[in-house]
Amino acid sequence: VTEQDVERFYEANKDRYADPAQATIARILCDSEETAREVLADAIADSDFATLARERSLDERTKDKGGVLTSPVVESGEAVPGVGNHAELHAAIMAASRGTVLAIPFESDTGWHVVKVMERKGRAQHALADVREGVERDVAAARQGEVTDQYIRELFESRGVKFYPNAFVGDPSGDEAGSE
């Protein structure tokens, strides 16, 4: 593995060597949309969100912590801690800035959520110098995979072996394994 291999691999795969953007949220769980809208109005009117959470949230695990959830919402996927997969809420959280109370309550299987974005961290790209060892391992593994694949192809060709991958997945549109 050469220095140029490492640099090219790092440049082509920068996403592998970055920490995703994330947000820490607080939420107030309500049993109805009406209650959630009342709580939201209070939260937007500059009421203390932590106090509102302690007084109004149905979530016994977070209400005493001001509604703050310990797991962050990360940019990839749709998962929102305490809620589950919720694409619309996830997108709203990732678009909001620190200190923002989201403009509408969001419904999930557990109830209605009034959400405030407490902290925001942008995507953090690691410098090559900081992740060099990992990149070198990844380059070596990729190179080993390429060499192994080439060896197998050459072995199949030299022995006249035909491989029918569709036979393994049951794809009726492909060639049958026993046709030759």
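The following refers to the structure shown. Note that the structure is predicted; figures quoted are calculated from it, not measured. (Residues numbered from 1 in each chain as written. Predicted model: local features only at pLDDT ≥ 70, side-chain atom pairs only at ≥ 80, totals over all residues. Heavy atoms only, no water.)

## Points about a nonpolar patch on the surface
Move 1: Taken together, the side chains of Tyr151, Ile152, Leu155, Phe156, Val161, Phe163, Phe168 and Val169 present a nonpolar region at the surface, about 810 Å² in accessible area.
Move 2: The set of elements that each furnish at least two residues to the nonpolar patch consists of α5 (128-159) and α6 (166-169).
Move 3: The element that contributes the greatest number of residues to the nonpolar patch is α5, accounting for four residues.
Move 4: Tracing the backbone through its elements, the reader meets Phe163 in the loop between α5 and α6. (Patch = residues over 30% accessible without salt bridge, like charges linked within 9 Å, V, L, I, M, F, W, Y side chains within 5 Å. Areas by Shrake-Rupley, 256 points an atom, 1.4 Å probe, with all protein chains shown as cover. Salt bridge = Lys/Arg side-chain N within 4 Å of Asp/Glu carboxyl O. Helix = DSSP H or I, 4+ residues; strand = E, 2+ residues; numbered from the N terminus.)

## Some details on the sheet that holds strand β6 (residues 106-108)
Move 1: Strand order in the open sheet made by the four strands is β3-β2-β7-β6, with antiparallel pairing throughout. The open sheet has two edge strands, β3 (73-74) and β6, and neither has a second partner.
Move 2: Where strand β2 (residues 22-30) lies against β3, two bridges are found, and the strand directions are antiparallel. Its bridge partner lying in β3, Ala23 is registered against Val73.
Move 3: Relative to the sheet, helix α2 (residues 33-44) contacts β2 and β7 (111-121), its axis offset from that of β7 by approximately 35°. (Pairing = 2+ DSSP bridges. Contact = heavy atoms within 4.5 Å. Axes fitted to C-alpha atoms, helices over the stretch in contact; angles between N-to-C directions.)

## Observations concerning the pairing of β7
Move 1: Here nine bridges tie β2 to β7, and the two strands are oriented antiparallel to one another. In the sheet register, Ile28 faces β7, and the bridge partner there is Val114.
Move 2: Where β6 and β7 come together, three bridges link them in antiparallel fashion. Its bridge partner lying in β7, Ser108 is registered against Gly111.
Move 3: In textbook terms, the turn of a hairpin is the stretch between consecutive antiparallel strands, and for β6 and β7 this stretch comprises two residues.

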